[in-house]
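Working through the structure, step by step
Here's the letter readout for the chains.
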Amino acid sequence: PYSRQVAECFKTRHTELVVKHHSVDTLPKIVRALDEPVADSAVIPTYFMAEVTKPHVTVVLTGEGADELFGGYSHYKILATADRMAAVSPGAAARWLAGRLESGAASRAADYLGRLRDRASAYLVLKSVFTHQEKMTLYDGGILTNHRLLTPPDEVVRRFLGPGDGPYLHQLLRLDLATWLADDLLVKVDRMTMAHAVEARVPYLDHRVVEAVMRMPPAWKLRLFEGKRILRRAAEPLLPANIVQRRKTGFAVPVGEWAAGDLREVVMDLLGPDSVRRRGLFQPDTIFALLNRPKYSMFERRQLWTLLTLEMWC
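Residues numbered from 1 in each chain as written. Predicted model: local features only at pLDDT ≥ 70, side-chain atom pairs only at ≥ 80, totals over all residues. Heavy atoms only, no water.

So, the environment of R115
Tracing the chain through its elements places R115 in the loop between α7 (106-114) and α8 (119-127). Separated by ten residues in sequence, R115 and V125 place their C-alpha atoms 8.7 Å apart. There is a polar contact of 2.8 Å between the side chain of R115 and the side chain of S121. (Helix = DSSP H or I, 4+ residues; strand = E, 2+ residues; numbered from the N terminus. Polar contact = N/O pair within 3.5 Å; in protein donor to acceptor, adjacent residues only side chain to side chain.)

Structural data, given as structure tokens:
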């Protein structure tokens, strides 16, 4: 409805597509088009959006980069606020954080607050699909041995999050610009559009825009839980007030509902004990326990999608 409202405001042509669970029959084609296992469930709507776009236009503008430049993601608000609160009252920070994460994520919240003296370690607790401890129970023994040879993720994060390296929010933005944006979002949109010979352009990432925005003070981007402050102000003369003020909504896919419902058979075929043993990467008991959760938390949904993507790619 919000997209429709904006289209009506500017009198542009508007096309709507509802992606239903049966559309996931296309998943093998989507994963093949990615070339590598990019575990972002938003590939599904992006793929179908490019498909319905192709008959009309060949080049499109997309919004990648705006959140990483202007502080749009909710985790910026959570991390920056909890970081400040914990310096004054760890107990209050714990209660505040627990109220903002789904049920089932309480252990992550507690673990995060226990690590706040080390920002890189704390960041990984809230942002990792699988924590270090979870990987120890997930990986097969042979993988565990080889895993020790890899660069630990905290070493990558530590390059960006450290004392004396500018405002904490800007550290988070630089980290996401260098990793999440470059290695996930831009890969996803490029390969899903090119799968239909559509070319995506990213105006927010014009180097002059990036350079100007990264020089702006943090308060221009995030303040009192309002993200993208300066971008919202710039949009006020252009857009209806309810569009400018509304909360960010991710390009989400109901992975948990699909996996527990009509796609249950597909999921069990891909990640059932026999399939997992044949692949030889993971512990079947750990994955079996994940598949049989009565309800998936936000982290478990991401874990499930990551494992499904990897298996389909293999």
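Description of the packing of aromatic side chains
Within this structure, the stated rule accounts for four aromatic pairs. When the ring of Y47 is compared with that of F48, the centres are 5.6 Å apart and the planes differ by 90°; the resulting orientation is edge-to-face. The exposure classification of Y47 matches that of F48, with both residues buried. Here Y139 and F282 contribute two aromatic rings whose centre-to-centre distance is 6.2 Å and whose plane-to-plane angle is 25°, an arrangement assigned as stacked. Placement of the pair is Y139 in the loop between α9 (132-138) and α10 (141-147) and F282 in the loop between α19 (273-279) and α20 (284-291), with a sequence separation of 143 residues. Judged on exposure class, the residue Y139 and its partner F282 are both buried. A cation over an aromatic ring shows up here: R119 above the ring of Y168, its NZ or CZ 4.0 Å from the ring centre. Positioned above the aromatic ring of Y2, the side-chain terminus of R246 is 3.6 Å from the ring centre. (Phe/Tyr/Trp six-rings, centres within 6.5 Å; stacked < 30°, edge-to-face > 60°. Buried < 20%, exposed > 50% of the residue type's maximum accessible area, 1.4 Å probe, protein only. Lys NZ or Arg CZ within 6 Å of the ring centre and 35° of its normal.)

Points about the environment of G261
Looking at where G261 falls in the secondary structure, it is placed in the loop between α17 (255-260) and α18 (264-271). Separated by 139 residues in the primary sequence, G261 and A122 have C-alpha atoms spaced 34 Å apart.

Structural notes on the pattern of salt bridges
Taken as a whole and judged by the stated rule, the model has 16 salt bridges. Residue R4 is joined to E16 by a salt bridge in which the shortest nitrogen-to-oxygen separation is 2.6 Å. Residue R4 is found in helix α1 (residues 2-10), and its partner E16 is found in the loop between α1 and α2 (27-34); the two are separated by twelve residues along the sequence. Judged by its relative accessible area of 35%, R4 falls in the partly exposed class. The salt bridge involving D206 is made with R208; its shortest N-O contact spans 2.7 Å. (Salt bridge = Lys/Arg side-chain N within 4 Å of Asp/Glu carboxyl O.)

Some thoughts on the confidence of the model for the protein chain
On average, residues of the protein chain carry a pLDDT of 87, and 94% of them reach 70 or more. Looking at the elements of the protein chain, mean pLDDT is at its lowest for helix α6 (residues 90-98), recorded as 70, and at its highest for strand β2 (residues 199-201), recorded as 97. (pLDDT = per-residue confidence, 0-100.)

A look at the nonpolar core
Y112 and Y123 are the most contacted members of the largest nonpolar core, which totals 36 residues. Those elements that provide at least two residues to this core are α4 (66-70), α5 (74-88), α6, α7, α8, α12 (168-178), α13 (180-194) and α14 (207-214). Contact partners of Y112, with chain neighbours within four places excluded, come to L79, A82, D83, L97, A122, Y123, V125 and L126. I44, W258, L271 and L290 belong to the second largest nonpolar core, which has 32 residues in total. (Core = buried A, V, L, I, M, F, W, Y, C linked by side-chain atoms within 4.5 Å. Contact = heavy atoms within 4.5 Å.)

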